[in-house]
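Coordinates in review
Each chain is listed here by its residues.
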Amino acid sequence: MLKSLMVAKAKDELEQEMLEKEEQKAKYLEEKAPPIQTSCMALAELQKLCEELHAKIDMVDEERYDIEAKVLHNTREIKDLNIKVLDLRGKFKRPNLRRVRVSADAILRSLLGSKHKVSLDLRANLKSVKKEDTEKEKTVEVSDWRKNVEAMSGMEGRKKMFDAAKGANQ
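Residues numbered from 1 in each chain as written. Predicted model: local features only at pLDDT ≥ 70, side-chain atom pairs only at ≥ 80, totals over all residues. Heavy atoms only, no water.

Structural notes on the overall build of the protein
Summing up its helical and strand segments, the protein has six helices and zero strands in all. Tracing the protein from N to C terminus, the helices and strands come up as α-α-α-α-α-α. Taking all 170 residues of the protein together, 2% fall into the buried category. On the protein, roughly 18200 Å² of surface is accessible, and the fraction owed to carbon and sulfur atoms is 57%. (Helix = DSSP H or I, 4+ residues; strand = E, 2+ residues; numbered from the N terminus. Buried < 20%, exposed > 50% of the residue type's maximum accessible area, 1.4 Å probe, protein only. Areas by Shrake-Rupley, 256 points an atom, 1.4 Å probe, with all protein chains shown as cover.)

Below, the structure is given as C-alpha cells:
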C-alpha cells in the first residue's frame, strides 16, 4: 500500500518535471530564435537568410560532433579503466605466509643491531618436569580384588585397617 502510494507520487513528480522542462525549452527558443516573418521578404533576402541559417546550423553541428566525440572518448577511457581495475583485482592473489623460525637472539639482533649483547635463552627459565615422577603417579597397583576382599574380611581385616590408621597418625 505504502509502496504503491510512493510509486504513484514519484510518477506524478516525474511528469511535472517533464512539463517544466518542455516549458523552459519553449521559453528559451522564443528568446533565442524569434519567429521569422518571410511573407514580406524578397527572393534575394530569403536566399541570404537561408545561407545564414545554414551557416549557423553547420556551426552547431560541428560543436555537437566535437562534444559527442569527447563524450565517446571519455566513456571508452572509463570503460578501459574499469576493465583494468577488474583485471588487477582478479590477478593479484595474496601469497600464503610461511612460518619462519627465528630465535629470540636473531630478533633482538635485527631490532637493536650492534647494541644487542645479552643473549636470551628462554628455555633456561622454564621448569624442568621429571617424566619418571609422572609415570609413577599414573601407575596404580593393579591386583586381584578377590585377594584383597578375602584379606580384609572378618575381624583380622578390620584389625589390619585399624593398625594401619594408627601407624599413619604416629
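Observations concerning the pattern of salt bridges
Counting across every chain of the model gives two salt bridges. When the shortest N-O distance is used, the salt bridge between Arg64 and Glu68 registers 3.3 Å. Of this pair, Arg64 and Glu68 are both found in helix α2 (residues 43-91), four residues apart, which corresponds to roughly one turn of the helix. In this structure Arg64 comes out as partly exposed when scored by relative accessible area, which is 46%. (Salt bridge = Lys/Arg side-chain N within 4 Å of Asp/Glu carboxyl O.)

Things to note about a nonpolar patch on the surface
On the surface, Val100, Val102, Ile107, Leu111 and Leu112 cluster together into a nonpolar patch covering about 490 Å² of accessible area. Mapped onto the fold, Val100 is located in the loop between α2 and α3 (104-112). By relative accessible area, which is 64% here, Val100 ends up exposed. (Patch = residues over 30% accessible without salt bridge, like charges linked within 9 Å, V, L, I, M, F, W, Y side chains within 5 Å.)

Considering a negative patch on the surface
Taken together, the side chains of Asp12, Glu13, Glu15, Glu17, Glu20 and Glu23 present a region of like negative charge at the surface. Relative to the assigned elements, Glu17 resides in helix α1 (residues 2-32). (Lys, Arg positive; Asp, Glu negative; His and termini not counted. Charge placed at Lys NZ, Arg CZ, Asp CG, Glu CD.)

Brief notes about the confidence of the model for the protein
Looking at the protein as a whole, its pLDDT mean stands at 80, while 67% of the residues score no less than 70. Highest mean pLDDT in the protein belongs to α1 (93); lowest belongs to helix α4 (residues 131-138) (58). (pLDDT = per-residue confidence, 0-100.)

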